[in-house]
Amino acid sequence: MPNDTGHAANQLSKARTRLILDKPFLGALVLRLPLVAADPQYCPTVATDARNFYFNPEYIAGMNIKQMQFVLAHEALHCALTHFARRGHRDRQRWDIACDYAINGILVDEGMSPCPGALVEAGFRGLSAEEIYPSIVENPDQETQDGHWYDNEPRPSSADEKDHNGETKQPPPLNNQQRDELKQQWQQRLASALQSAQHAGKLGAHLARIAERLIQPALPWQAVLARYINSLARADYSFTRPSSRREGPALYPTLCSHSINIVAAVDTSGSVNTKDLAQFTSELNSLRAQVHGRVTLIACDSELAPGSPWIYEPWQDLELPKHWKGGGGTSFMPVFDWAATQDLSPDILIYFTDGKGAFPKHAPLYPVLWLIKGNAKVPWGERLALN
């Protein structure tokens, strides 16, 4: 058995090295899981507790290198996608099955070869475990290909965690503190792996979308918008010469405020509903009052709306025009073309849209924040999801 264990560990190491070269994003995640031989009584295939990759040497011996890469990546994604911290009130078995379907669909899309017994369903491709879960029918006979040891039922504790062959028995499930700590660790590892893979130019579009979605802070859009606006609010010192009534020839610094120039563009092509627009206007009105901001409101579909732009000084309430033309196609270029003709560049341009339209080829020198209703990507600027 020890020889079999050593051979299996050696083969897994080779598969892991190949994965690092071919798919650096997945390889970087797999490297975070030490390889640990497990007692076959507890581990008939492979398993993870979000800290290690456990394997049954006999099971690994019957696999080719591509299948080994698949199971390595499968366990790493359970950890990177923090499945161990997302189950909530859901039934454990159905949740485990949903997680396997979600991961295996990702790996198949990446061109990887499923191992025997892997749960793959074309209809679940591209869906998260939460989206798949309602479709999973309770079936005691259906099992996952691997062991999810981070969420197993508690077992009697034992001082002896290894059998007589030196192989690891099943560890106890995670407690709440361990879940929280591991969740933070894996989110950091996910961000690091994403950056490394993007540098190498080897990252599939589907994996990139998943990783970016998980890395984005789970904050309400209002909080993130407030952070951007408040970061622009600044006071500076003026060294203007004091009044002749003041004593001495020295120049004294005087604290003065800076009025923020905000351009708010609204997509009127019909993709954003009235309720969302009203909420956006209310939020922006509250924030710019706090920072003494001047707002230029622009409505645009494929061209600027008649009467646009509308200017609101810091002492005026920001209101949406009662009537404006809209509903045509979408182009973002007219707004940026207009801004380029102004003597004063915006401190920030905020664009409220579904993101489906023609973008200018180059980003402007001022910051742009896209408030996106939907899943569309932007070629430059900061994207903030409103979903």
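Refer to the structure presented above.
All values derive from a computational prediction rather than experimental measurement.

About the cut-offs
- Residues numbered from 1 in each chain as written.
- Predicted model: local features only at pLDDT ≥ 70, side-chain atom pairs only at ≥ 80, totals over all residues.
- Heavy atoms only, no water.
- Salt bridge = Lys/Arg side-chain N within 4 Å of Asp/Glu carboxyl O.
- Helix = DSSP H or I, 4+ residues; strand = E, 2+ residues; numbered from the N terminus.
- Buried < 20%, exposed > 50% of the residue type's maximum accessible area, 1.4 Å probe, protein only.
- Core = buried A, V, L, I, M, F, W, Y, C linked by side-chain atoms within 4.5 Å.
- Pairing = 2+ DSSP bridges.
- Axes fitted to C-alpha atoms, helices over the stretch in contact; angles between N-to-C directions.
- Contact = heavy atoms within 4.5 Å.

Engineer: I keep staring at the pattern of salt bridges and nothing clicks. Help me out?
Structural biologist: Oppositely charged side chains can pair when the atoms bearing their charge come close. Counted according to the given criterion, the structure contains 7 salt bridges. A salt bridge links Asp22 to Arg18, with the shortest nitrogen-to-oxygen separation between them at 3.0 Å. Separated by 4 residues within a single helix, Asp22 and Arg18 lie in helix α1 (residues 2-22), roughly one turn from each other. Taking the relative accessible area as the measure of exposure, Arg18 reaches 39% and is therefore partly exposed.

Engineer: Is there a simple way to explain the nonpolar core in this structure?
Structural biologist: For soluble globular proteins, the rule of thumb is that nonpolar side chains tend to be buried together. Counting 44 residues, the largest nonpolar core has Phe25, Leu26, Leu29, Ile60 and Trp186 as the members making the most contacts within it. Elements represented by at least two residues in this core include exactly α1, α2 (24-30), β3 (53-55), α3 (57-61), α4 (65-80), α5 (92-109), α7 (176-200) and α8 (205-215). Looking at this core element by element, the count peaks at 9 residues for α4. Formed by 26 residues, the second largest nonpolar core is a distinct cluster that contains Ile262, Val266, Ala299 and Ile350.

Engineer: What exactly am I supposed to notice about the sheet that holds strand β11 (residues 368-372) here?
Structural biologist: Strand pairing in a sheet is mediated by backbone hydrogen bonds. Such pairs are either parallel or antiparallel. The sheet built from 6 strands is open, its strands ordered β9-β8-β7-β10-β11-β12 with mixed pairing. Across the chains shown, the open sheet's two edge strands, defined by having one partner strand only, are β9 (310-312) and β12 (382-385). Here the average twist between neighbouring strands, direction ignored, is 20°. Pairing geometry for strand β8 (residues 293-300) and β9, over 3 bridges, is antiparallel. In the strand pairing of β9, Leu297 is matched with Trp310. Packed onto the sheet, helix α11 (residues 333-340) meets β7 (260-267), β8, β10 (348-353) and β11 and runs at close to 140° relative to β8.

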